[in-house]
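Tertiary structure, described
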Amino acid sequence: MANDSKTWRCGKYELSFDRPRIMGVLNVTPDSFSDGGEHFDPDAAIEYGLAMLDAGADIIDVGGESTRPGFTPVNPDEEARRVLPVVRALAKEGAIVSIDTRHVAVAKAAVRCGASIVNDVTGFTDPKMVEFVKTSTCGVIVMHAGEVAAPARTHATVQLDTSAAAFVAEKAREAAAEAAREAEKPARRRRGKLLGDPKPEAKLPGGVVQPSLPFGEPEPTSEPASERETPAAEQAAAAETVALAPEAAPAATEAASEPNDRLAAMMRRSARREEAYVPTSQLRRFTLPDSAPIMRRVMGFLSDQARTLIHAGVSRDRICIDPGPGFGKSANEDIVIQRETAKMASLGYPLMCAVSRKRFVGAVSGVTEAAERDAATFGVCLGAIQAGANIVRVHDAAGFAQFLNGYWAVAKPQPRRAFVAVGSNLGHRCDNIRAAREMIAEIPLTCVSNSSKIYESEPAYETRQDAFANAVIEIKTELAPLVLLDELMKIEAELGRDRSKKAKANGPRTIDLDLLWMDGETHGGKKLRLPHPLIGERDFVLVPLEDLMHDPARFFRFNGVDVKEPEDRVGHIVGELGRM
């Protein structure tokens, strides 16, 4: 189950894991494997991202390049054009936004536009990406992408010949081969190093060695070297396209796609293995491969990359790990990895479960169409949560939020503290507030633990109206924030609150209920913002809170709220109207 001792710092946000967090998938692509093209238009993508937040997503993961098996790499400039408007709009609404990219230029631009997390499918094996994230405060997701099976060993048939003639002939062949190697050495040395020498590993400042990519050997290309080189005209054209995405311009040249894309090559091999698979009658002793070599590769890579980031200057509490289901792995291997979730969680980093609609989910559920695998996805995610996963990355955020709320209410008793502001300036103001308090106490899985006195305040924002009666109610609840908000809206409706379009937003009302703050919750979107974005400027909220806690201004400043000085606030308290 979720480990509440872990926290994840992502820019100005800090996520706790007393409850699993939901990351909604937002692909701004024409070719993603299950929802390609649905949100390719920026306006459609923004609307869908906000809808996921309002349905229960905690994080929105925005991606502009599909990395499905057999994908076509996308130029960083094109990727930036797709994602930056979406990132900017969602961040403006208070969302925790993750940018799903392997290109440094796109990551830099997205963070400048408000992204709080960099989700790198290549696991920060690019030293330039490490250099960037160490200078920022964003959260990072280290993902494993690569084959995990040991290479098959081939054995040549050996024909023994013990005759003296065979022995002499073998010695002659060995001498000739040695002479050829000696003759070839000067030519190879002249090129600066032996052709067979391994490619040196990149080094980061401080002498830290950056491991090579875990994708295996890249596919050979049939193009001659002269054709693989970028002509000057193409470089000039690329420079012109950078102007179309100004946020990505500063680092566009350093993020140009490699001619032989290793991730794309690995995913093409994965697609071919799946297409070429033919069942055989060969008997196997076990249903799944041995987990030990697989987990050595996956956990070894994740641990090494996390340590590389820490040595480079990224604090440990900014790092999340993801075993990368589907990236170069067969269905059997993915199941092995998911069954070892507890071992990966024991590494101590927040752990991502990103299995949504993947091929292996279809394999175990018998569902062919990727878009129809959500129910099976929820089952796999539940198993991962029980074993220690902290974040689930899903396409159907609304469905999974319902699924998780139902499971969590029964399986995990977890009352949390929250504050609700209550106001009224129509009818019997104090009676309306007391009635609301009684109805809040009747909300399922919720109790009222304390209440402030009732105060009279000047009207705020819309000043030409009667004075308000205000109070703050402290509650304990086991409901998710959005579920609790829906219950508060039902109470407003029952007490006669008019929320139609003809009613003024800050005009007269019989009752007004605002969810101000909830323990461990940060949320963005149109429907609910936590902490409440206006709490720091409302005197009619901060003064009643003084009855319930010591120094609320200091408390909310610590939680990232801009709390204004009393003289700069709105809706000033002018008197007391009695106790609740």
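Residues numbered from 1 in each chain as written. Predicted model: local features only at pLDDT ≥ 70, side-chain atom pairs only at ≥ 80, totals over all residues. Heavy atoms only, no water.

Quick look at the overall build of the protein now. If you tally the helices and strands in the protein, you get 18 helices and 18 strands. Taken across its 580 residues, the protein has 49% of its residues classed as buried. Of the roughly 28000 Å² that the protein leaves accessible, carbon and sulfur atoms contribute 52%. (Helix = DSSP H or I, 4+ residues; strand = E, 2+ residues; numbered from the N terminus. Buried < 20%, exposed > 50% of the residue type's maximum accessible area, 1.4 Å probe, protein only. Areas by Shrake-Rupley, 256 points an atom, 1.4 Å probe, with all protein chains shown as cover.)

You can see D334 is positioned in helix α10 (residues 331–339). For the buried D334, no salt bridge exists, and the shortest N-O distance to an oppositely charged side chain is 5.5 Å, to K329. (Lys, Arg positive; Asp, Glu negative; His and termini not counted. Salt bridge = Lys/Arg side-chain N within 4 Å of Asp/Glu carboxyl O.)

Right, let's get into the environment of P444. Mapped onto the secondary structure, P444 falls in the loop between α15 (429–440) and β14 (446–451). Taking C-alpha positions, P444 is 8.5 Å from E478, a pair spaced 34 residues apart along the chain. Other than its neighbours up to four places away in sequence, P444 contacts L479 and E487. (Contact = heavy atoms within 4.5 Å.)

Within helix α4 (residues 127–134) the residues assigned to the buried category are M129, V130, F132 and V133. An end-on view of α4 places all buried positions within 160° of arc, on one side of the element. In this structure D126 caps α4, since a side-chain oxygen of it lies 2.9 Å from the backbone nitrogen of K128. (Arc of directions from axis to C-beta. Polar contact = N/O pair within 3.5 Å; in protein donor to acceptor, adjacent residues only side chain to side chain.)

With that settled, consider the confidence of the model for the protein. On average, residues of the protein score 84 in pLDDT, and 77% of them reach the 70 mark or higher. Long-range and interchain partners of residues 221–259, a stretch whose pLDDT sits below 50, account for 40 contacts in this model, where long-range means more than four residues apart. Considering only residues more than four positions removed or in separate chains, one finds that residues 277–281, a stretch of pLDDT under 50, has 0 contacts. (pLDDT = per-residue confidence, 0-100.)

Here we come to the sheet that holds strand β7 (residues 139–143). Strand order in this open sheet of 8 strands is β10-β7-β6-β5-β4-β3-β12-β11, and the pairing throughout is parallel. Edge strands, defined here as strands with exactly one partner in the open sheet, are β10 (319–322) and β11 (352–353). Running at roughly 165° to strand β3 (residues 21–27), helix α1 (residues 42–55) makes contact with β3 and β4 (59–63) of the sheet. (Pairing = 2+ DSSP bridges. Axes fitted to C-alpha atoms, helices over the stretch in contact; angles between N-to-C directions.)

Working note: α-helix, 3.6 residues per turn, so residues spaced by three or four point in the same direction. For α15, built from 12 residues, the straight-helix expectation of 16 Å at 1.5 Å per residue is met to within 8% by its first-to-last C-alpha distance of 17 Å. Buried residues of α15: C430, N432, I433, A436, M439 and I440, and no others. (Expected span 1.5 Å × (residues − 1).)

The linkage connecting L530 with the following residue, P531, adopts the cis geometry, with an omega of -10°. Mapped onto the elements of the fold, P531 is located in the loop between β17 (512–518) and α17 (539–545).

For the structure on display, the rule yields 31 salt bridges. A salt bridge links K490 to E487; its shortest N-O distance comes to 3.4 Å. Linking K490 with E487, this pair stays in helix α16 (residues 481–494), spanning 3 residues, or about one helical turn. A salt bridge links E492 to R499; its shortest N-O distance comes to 2.6 Å. For E492, a relative accessible area of 1% puts it in the buried group. Counted as one network, the salt bridges with shared partners bring together D18, R21, D58, R416 and E521.

A few words on the packing of helix α9 (residues 291–312) against α10. With their axes 10 Å apart at the nearest point, α9 and α10 run at an angle of 75° to one another. Our classification of the angle between α9 and α10 gives roughly perpendicular. Across from S291, I294, M295 and V298 in α9, the residues of α10 making contact are E333, V336 and I337. Among the residues forming the contact of α9 with α10, the class breakdown is 5 nonpolar, 1 polar and 1 charged. (Parallel < 35°, antiparallel > 145°, perpendicular 65-115°, else oblique. Nonpolar A, V, L, I, M, F, W, Y, C, P; charged D, E, K, R; others polar.)

The tally for this structure, following the rule as stated, stands at 7 aromatic pairs. Summarising the aromatic geometry, the rings of F419 and W517 are spaced 5.7 Å apart at their centres and angled 35° between planes, so their arrangement reads as tilted. Remark: W517 occurs in strand β17 and F419 occurs in strand β13 (residues 416–424); sequence separation between them is 98 residues. One cation-aromatic arrangement involves R316 over Y349; the distance from NZ or CZ to the ring centre is 4.1 Å. (Phe/Tyr/Trp six-rings, centres within 6.5 Å; stacked < 30°, edge-to-face > 60°. Lys NZ or Arg CZ within 6 Å of the ring centre and 35° of its normal.)

Another point: the environment of T377. Among the secondary structure elements, T377 is positioned in helix α13 (residues 374–387). C-alpha separation for the pair T377 and S365, spaced 12 residues apart in sequence, amounts to 9.2 Å. Ignoring any residue separated from it by four or fewer positions in sequence, one finds T377 in contact with V355, S356, R357, V361 and V394.

Glancing now at the pairing of β4. Judged by how many residues are buried, β4 sits mostly within the fold: 5 of 5 residues are covered. Neither face of β4 is exposed, since I59, D61 and G63 on one face and I60 and V62 on the opposite face are all buried. Bridge count for β3 against β4 is 5 bridges, and the pairing is parallel. Residue pairing across strands places L26 opposite V62, the latter belonging to β4. Bridge count for β4 against strand β5 (residues 96–100) is 5 bridges, and the pairing is parallel. The partner of I59 across the bridge, within β5, is I96.

Along strand β16 (residues 468–477), 9 of the 10 residues are buried, which leaves the element largely enclosed by surrounding structure. In this sheet, β16 lies alongside β13 in antiparallel orientation, the contact comprising 9 bridges. In the strand pairing of β16, A418 is matched with I475. Across 5 bridges, β14 lies against β16 in antiparallel orientation. Bridge pairing links N450 to E474 in β16. Relative to β16, strand β15 (residues 454–457) runs antiparallel, the two being bridged by 3 bridges. Each bridged residue has a counterpart across the sheet, and for S457 the counterpart in β16 is F468.

Where helix α3 (residues 104–112) contacts α4, the axes come no closer than 9 Å and their chain directions differ by 15°. Taken as axis vectors, α3 and α4 run roughly parallel relative to one another. Crossing geometry of α3 relative to α4 is assigned as right-handed. Of α4, the residues touching α3 (which contributes V104, A107, K108 and V111) are K128, M129 and F132. Considering only residue class, the contact of α3 with α4 consists of 5 nonpolar, no polar and 2 charged. (Left-handed = near helix turned anticlockwise from the far one by under 90°.)

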